[in-house]
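Structural description and commentary
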Amino acid sequence: MDFNDSPEEAAFRQEVKTWLAENAQAYREPLPLGPGDIRIAEMGREWQKIKARGGYAAISWPTEAGGRGATPIEEVIFAEEENRYHVPVGPFVGIGVGLAVPTIRAHGTPEQIEQFAHPTLMGDILWCQLFSEPAAGSDLAAVRTRAQRDGDDWVVNGQKVWTSWAHTADWGILLARTDPEQVKHKGLTFFLLDMRTPGIDVRPIRSISGESEFNEVFLTDVRIPDRCRLGEVGAGWGVAMTTLMNERANSTGESLLLPDVSSLVRLARERGLAEKNQRELAALYAREQGLKYFQARQLTALSRGEQLGPMSVISKLVFANVLQDGSAMGLDMLGLEAAFLATEDHRVTRFQYGYQWAAALRIAGGADEILKNQIAERELGLPGEIRADKGVPFSQLPVGR
Amino acid sequence: MNFDFSDDQKMLADHARQFLGETCTFDRLREFVASGEDYDRALWQQMVELGWPGLSVPEAAGGLGLGVLELCLLSEEIGRVLAPVPFFSTVCQAVPLLEQAGGEVADSLLARIAAGTCTVAVANPDQGHSLELGGNSCLDGALAPVAWLHCADVLLVTASETDGTAVLLSVELDQPGVQRERLAAQVLDSVSAWGAAHFDKALTTVLARGELVVALNHKLRLRSAVLLAFEQLGGADSACTMARDYSLERYTFGRQIGGYQAIKHKLADVRVAIELARSNAYYGAWALYTDSPELPRAAALARISGTETFTLAAEENLQVHGGIGYTWEANCHFYYQRARLLAVAVGGPDQWAAELLESIR
Amino acid sequence: MNPQELNDWLATARNWLQEQAPDYSGKARQGLTMDEDLALGRRWQALKSDAGYACITLPRQYDGGGGTEMQKILFEAEEKTWDLPNTYFGISLGMPVPMLLRYGSEAVKDELLPKAIRGEHIWCQLFSEPAAGSDLAALTLKATRDGDGWRLNGQKLWTSWAQYSDWGIIVTRSDPTVPKHAGLTYFYLDMKSEGVEVRTIRKLAGESEINEVFFNNVYVPDSQRMGEVGGGFKVAIETLMVERYAVSDEACGGISAERFIDIAARARIGSRPALEDGEVRRLLADTLVERQGLRSIHRRAMEAIAAGHEPGPEGAIRKLLIAKRRLLLGAAAMDLMGPDALLYDSSAAQSNDPVNAWIEAPPIRIAGGTDEILRNTIAEKVLRLPQDHRPDKGVPFNQL
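Computed from a predicted structure; not experimentally measured.

1. Regarding the overall build of chain B
The number of helices and strands found in chain B is 11 helices and 11 strands. A compact globule built from 361 residues would reach a C-alpha radius of gyration of about 21 Å, and chain B, at 21 Å, matches this within 12%. Each principal axis of the C-alpha distribution contributes one length, and for chain B these read about 75 × 50 × 40 Å. When burial is assessed residue by residue, chain B has 66% of its 361 residues classed as buried. Excluding contacts between residues fewer than 6 apart, the proportion of contacts in chain B whose partners are at least 24 apart in sequence is 72%.

Okay, here's the thing in structure tokens:
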């Protein structure tokens, strides 16, 4: 039992370190950007090109697709080493490399793969994911955005929401309803959408923290040529499943900007409040550290070539809840200072940001309740939820708000 | 990254789980309680045949010479079935104490433990304050409560010499100078037994003296915390499985109760807590195994997670069972009571919380 | 009764308790076996009945108090400040007796009500079964017609005080071919009838009041039916609603905040008294805040009752919180006691001894509405959220 790399892993890590030392010098210092500054996406294209030259742009892709065919543990090692620098990485690049192209490779025509895979690898195409809607969140198959056939095109009308980086994306992967008379999972079709098409209106969502990478995307008579359909008509749910399977629960936010429990303990000590909250602080710290060692166990499993089980969802579940609880405690301890957003005190902004971001994190990429259902069903073998929508045509389902 | 037990170690744990699962059933626990026996001697004898008492005793002394990692896994399995044997005090506490103290007497005790002819009770270091050590290392005074004290062969206890120097003593309990009894008051955890002893010029052997004793006790405490965390983990995991199984059997309002989110989410919460506790316990095992300077922090983490998780799992297991859970027949009480026993066994949650926070700089 | 009269009445009652209660509570009960304690309880019940303090809302002609709901609540709250042997009669007088008052014939009421109110008889409530707890309508104990009466076969579970009971009220399944709520019939019966077998259930600790009751072809005359054939579910719900507002102890029978303070003042954490520890003070503050909140809710409910309204779902909130709080305080006090907590005396009072308070806490989170059911009640009745999915609705019982 140890925390060391295997010889192969150590060799890979060394190779990565050497490469980064030669190529990431420009990123030694923090980027001159505040949280939520969208210019990071443009910087991301540059870094992606540099990585592509070194063969690290899409290390999990198979070699024939221009990747390295890296194992999951090598991906983690690369990310660990890369994160020692202040490189502009994030979903603005990750959605394309991690979600869109693997989906296209699984379901697309040779022409589609040709058109999108290499440019995405090179950072020339950035992607966004047009899945969630106001009435289709945890229940994604409830999407209402309509795509109707018109000659060689589809005409799309509807609204998407929570679309990260839609404002910087060149293309989007879109899930839309083509047949409302089918049961809900069967009437969906998957499209690739050029974000410069007329009729697309991207509006940033002002979140509770006042800034956001999220958007609403309104689609009004947007025309998509049929050659941009991915997979068969009505087969969109299966295609979307491929995307979701690739969605790893590692979107835990910009961790450098978030408070950890150690900083909370230091704050408590400084304010003479550590003793009063001793049990609570210790329990919170034990959860945070437990998660850290859980992740070490997960990496061990990857390193041994094993599949991760259903418990891997706890990374986000625990992280978000520890972040919310810890940030709330921190703000309580700061007292009235915490009430002012425009503060110069770095520590105050961290707890504020943590508290706000945690609220989103407990919902995005699988709400707490959905993740607990998954643990109950897949890990403990408890029965699935009762589904009132089974076998009912989509058009006849109750709509609500 | 290799933060896990090896395949050999896991195989040992699998064997232990199978053996204990077949032998140490709830029926047997209930029989044990009804019998009023001191500890489950037949089970202990089987463990002796498997070599468990001497698991970490050096091969030279007749043991298997395995390490603390194997002990961690066995502790988890013993925690799973709540085996009523003096395993923790004899194997997890006494063996390393004796090994570190060294000397002829310690070596012969280790050989007896490995041979399965000796069980040991270990008093908490702060329990020996009222004992008086006179000339010729004769011991006077009273000691209670100590687990298995009434039935163990040997006691290890820390006392003070007249000048205040701490000494670690071994006391052969079967001698005229020792009067023992099983504590008559009901013990919260019905499958463990606690004893009291009265010493009147009892003969003892000094195993260690002075600073060494302080160091030994410090290490003992941290090691106990980690190994108990594994016991807690085993108990929590098995309580969670029991609740899961029951929630699939029990129907209410026409559905399995395990289908209601009130129950699903409750059990998911327990399962998440177990996963975190397991991760912290593994970290404790690693720190113990490598004798890391991180050990105090790792022990406190393991202990806090273990206590919180076993308590949660035991309480919610009973709750999921509904009324039946509160009956003697339903077995939920074994976990419910053991969880509380382990919570206070080597220092309570407040103490460990304070130490954990202390380690954060 | 106007407020002034009510105050005067309460002052008299308080004086009466000052005079009489010491002989029946606290020290007077120490070291008694359950049988002896019950005998003391019967005497206390008779004494109260003579003074008009037993079953205050029931008519005087049956040896009740002939008073109002308000008087009953005030008296019971006062009585709870003593440690009286009332537990044996809680269910008997709380549910079966008021139901008999509604459904019994004059002759039966004349004969049985005074005996119950004076504590000579104990009544039990035979509702729950192994597969029918939260879901009462899932019960299976069979009632089949036999001449002028019925034959009962099956098993009841969790029947408190059945081992001492003279009479019982029971819900049975008289028709398994109709949906489950529609096939139930309700009776009262003599617990000494042939074929009734009571087996006491061993609990985690202490002497047990809970029983299994087996029915082997037990005869019940049709005259002892309460309500319509097939109308048993309605009567059962009426039974559960009869006590409009149960006065429960703030500490839920466990250790009070004051007792916890007492323990914390004597325990030490490190080198200081535990009571000076920030964490301990915080728990205590939380407990006191919650208690004050519950007192305010209690006051609102009292005002509603005084104004002739039905109290709301406050009872569910109260039980949910105090049962959990009892578990928390008990465990926290045990943590403070350290290894001493491992040895305990199961005959010590739960209100005084943290170990007993803790070990007896779990059934309170289950009995009379589990935490989960209470949360559903609050979600559905207070927040107006939809009911859980019920696949059993409208399906004949024998097809479930």
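2. Notes on the packing of aromatic side chains
Enumeration over the complete set of coordinates arrives at 42 aromatic pairs over all chains. Considering the side-chain rings of W127 of chain A and W171 of chain A, the 6.3 Å spacing of their centres and the 40° angle between planes classify their relative orientation as tilted. Of the two residues, W127 of chain A is situated in strand β1 (residues 127-130) and W171 of chain A in strand β4 (residues 171-177); the sequence distance between them amounts to 44 residues. Each member of the pair W127 of chain A and W171 of chain A is classed as buried. Taking the centre distance of 5.7 Å and the plane angle of 20° together, the rings of W123 of chain C and W167 of chain C count as stacked. In this pair, W123 of chain C sits in strand β1 (residues 123-126) while W167 of chain C sits in strand β4 (residues 167-173), placing the two residues 44 residues apart along the sequence. Look at W123 of chain C and you get buried, because its relative accessible area is 1%. For W167 of chain C, a relative accessible area of 14% translates into the label buried. In this structure an aromatic cluster arises from ring pairing among F3 and Y293 of chain A together with F3, F5, F230, Y282, Y283 and W286 of chain B.

3. Comments concerning the interface of chain B and chain A
On the chain A side, the residues contacting the 47 residues of chain B number 50 residues. Both sides of the chain B and chain A interface together cover about 4400 Å² of buried area, and 62% of this is carbon and sulfur. For chain B, the biggest contributors to the area lost against chain A are M1, K264 and L357 of chain B; these three give 18% of the whole. Where chain B meets chain A, there are seven salt bridges. Note that R297 of chain A is salt-bridged to E275 of chain B, the shortest N-O span being 3.0 Å. The tally of links from chain B across to chain A stands at 31 residue pairs in polar contact (both at pLDDT 80 or more). Looking at the side of chain B that touches chain A, the elements with two or more residues in it are α7 (211-249), β11 (255-256), α8 (261-289), α9 (295-321) and α11 (349-358) of chain B. Ranked by the residues each element gives to the side of chain B that touches chain A, the list is headed by α8 of chain B, at 18 residues. When the residues that make up the side of chain B that touches chain A are grouped by side-chain class, the tally is 23 nonpolar, 10 polar and 14 charged.

4. Details of the domain arrangement of chain A
Domains assigned within chain A are domain 1 (7-89), domain 2 (127-246) and domain 3 (255-379). Relative placement of domain 1 of chain A and domain 3 of chain A: their C-alpha centres are 26 Å apart.

5. Quick notes on the environment of R362 of chain A
Residue and element names in this part refer to chain A. Counting through the fold element by element, R362 comes out in the loop between α10 (346-361) and α11 (368-379). A sequence separation of 351 residues divides R362 from A11, and the C-alpha atoms of the two residues are 37 Å apart. Setting aside its immediate chain neighbours within four residues, R362 contacts K316, A320, N321, Q324, A367 and D368. Here D368 takes part through its side chain, which lies 2.6 Å from a polar atom of the side chain of R362.

6. As for the domain arrangement of chain B
Bring the parts together and some accessible area is lost; that lost area is often taken as the interface size. All names here are of chain B. What the domain assignment reports for chain B is domain 1 (7-88), domain 2 (120-209) and domain 3 (217-358). Computed from C-alpha atoms alone, the centre-to-centre distance between domain 1 and domain 2 is 25 Å. Of the roughly 720 Å² buried between domain 1 and domain 2 on both sides combined, carbon and sulfur atoms contribute 63%. Considering only the surface of domain 1 that becomes buried against domain 2, V33, D38 and P86 emerge as the three largest contributors, covering 50% of it. Our count for the contact surface shared by domain 1 and domain 2 stands at zero salt bridges. Counting across the interface, domain 1 meets domain 2 through two residue pairs in polar contact (both at pLDDT 80 or more). A per-element tally of the side of domain 1 that touches domain 2 places helix α2 (residues 26-35) first, with three residues.

7. Topic: the sheet that holds strand β4 (residues 154-160) of chain B
Residue and element names in this part refer to chain B. Read across the open sheet, the four strands follow the order β1-β4-β5-β9; overall the sheet is mixed. Taken across any chain shown, the strands that pair with only one partner, and hence form the sheet edges, are β1 (120-122) and β9 (205-209). Each adjacent strand pair in this sheet contributes to an overall mean axis angle of 25°, direction not counted. Here β4 pairs with strand β5 (residues 166-172) via seven bridges, running antiparallel. For V157, the partnering residue across the bridge sits in β5 and is L169.

8. Considering the interface of chain A and chain C
Across the contact, seven residues belong to chain A and eight residues belong to chain C. Summed over both sides, the interface between chain A and chain C buries roughly 690 Å², with carbon and sulfur atoms accounting for 38% of that surface. It is E275, K276 and R279 of chain A that lose the most area in chain A upon contact with chain C, and together they represent 59% of the buried surface on that side. Across the chain A-chain C interface, the total number found is three salt bridges. Across the pair E275 of chain A and R272 of chain C runs a salt bridge whose closest N-O atoms are separated by 2.5 Å. Taken together, the connections running from chain A to chain C amount to six residue pairs in polar contact (both at pLDDT 80 or more). Taken together, the residues of the side of chain A that touches chain C break down into one nonpolar, two polar and four charged.

9. What about the confidence of the model for chain A?
Per-chain confidence: chain A averages 89 in pLDDT, with 94% of residues scoring 70 or above. Every residue in residues 249-254 of chain A scores below 50 in pLDDT, and together they form nine contacts with partners more than four places removed in sequence or on other chains.

10. Considerations on a nonpolar patch on the surface
A grouping of I237, L240 and M241 of chain C is seen on the molecular surface, where their side chains present a nonpolar patch of about 290 Å² in accessible area. Here I237 of chain C falls in the partly exposed class, since its relative accessible area comes to 35%.

11. Digging into the packing of helix α1 (residues 7-23) of chain A against helix α2 (residues 39-54) of chain A
For any two helices packed against each other, one specifies the inter-axial angle together with the distance between the axes. Residues and elements named next belong to chain A. Remark: α1 packs on α2, axes separated minimally by 11 Å, with the N-to-C direction vectors making an angle of 130°. One element, α1, and the other, α2, form an angle in the oblique class. Considering the relative orientation of α1 and α2, their crossing is right-handed. The residues of α2 that touch α1, namely those facing W19, L20 and N23, are W47, I50, K51 and G54. Among the residues making up the contact of α1 with α2, the classes are represented as four nonpolar, two polar and one charged.

12. Quick look at the pattern of salt bridges
For the structure shown, the criterion picks out 77 salt bridges over all chains. Between E133 of chain A and K160 of chain A there is a salt bridge, with its nearest N and O atoms 2.9 Å apart. Remark: K160 of chain A occurs in strand β3 (residues 153-160) and E133 of chain A occurs in the loop between β1 and β2 (146-150); sequence separation between them is 27 residues. With respect to burial, E133 of chain A and K160 of chain A carry one shared label: buried. A salt bridge links E316 of chain B to K266 of chain B, with the shortest nitrogen-to-oxygen separation between them at 2.9 Å. One end of the pair, E316 of chain B, is in helix α9; the other, K266 of chain B, is in helix α8, and 50 residues separate them in sequence. In this structure, E316 of chain B and K266 of chain B share a single accessibility class: buried. Through salt bridges that share partners, D5, R13, K17, E80, E81 and R84 of chain A make up one connected network.

13. Quick notes on helix α5 (residues 87-101) of chain B
All names here are of chain B. With 15 residues, α5 should cover 21 Å at 1.5 Å per step; its first-to-last C-alpha distance of 20 Å lies within 8% of that length. At A94, α5 shows its largest kink, close to 40°, and the proline P96 lies no more than four residues downstream. Of all 15 residues in α5, 13 are buried; the element is thus mostly enclosed. With its phi angle positive at about 70°, G102 sits one or two positions after the end of α5.

Conventions used here
- Residues numbered from 1 in each chain as written.
- Chains lettered and ligands numbered in written order.
- Predicted model: local features only at pLDDT ≥ 70, side-chain atom pairs only at ≥ 80, totals over all residues.
- Heavy atoms only, no water.
- Helix = DSSP H or I, 4+ residues; strand = E, 2+ residues; numbered from the N terminus.
- Rg over C-alpha atoms; globule rule 2.2 N^0.38 Å.
- Buried < 20%, exposed > 50% of the residue type's maximum accessible area, 1.4 Å probe, protein only.
- Contact = heavy atoms within 4.5 Å.
- Phe/Tyr/Trp six-rings, centres within 6.5 Å; stacked < 30°, edge-to-face > 60°.
- Buried area = accessible area lost by both parts, 1.4 Å probe.
- Salt bridge = Lys/Arg side-chain N within 4 Å of Asp/Glu carboxyl O.
- Polar contact = N/O pair within 3.5 Å; in protein donor to acceptor, adjacent residues only side chain to side chain.
- Nonpolar A, V, L, I, M, F, W, Y, C, P; charged D, E, K, R; others polar.
- Domains from an automatic or database assignment.
- Pairing = 2+ DSSP bridges.
- Axes fitted to C-alpha atoms, helices over the stretch in contact; angles between N-to-C directions.
- pLDDT = per-residue confidence, 0-100.
- Patch = residues over 30% accessible without salt bridge, like charges linked within 9 Å, V, L, I, M, F, W, Y side chains within 5 Å.
- Areas by Shrake-Rupley, 256 points an atom, 1.4 Å probe, with all protein chains shown as cover.
- Parallel < 35°, antiparallel > 145°, perpendicular 65-115°, else oblique.
- Left-handed = near helix turned anticlockwise from the far one by under 90°.
- Expected span 1.5 Å × (residues − 1).
- Bend = angle between axes of the 7 residues up to and from the residue.

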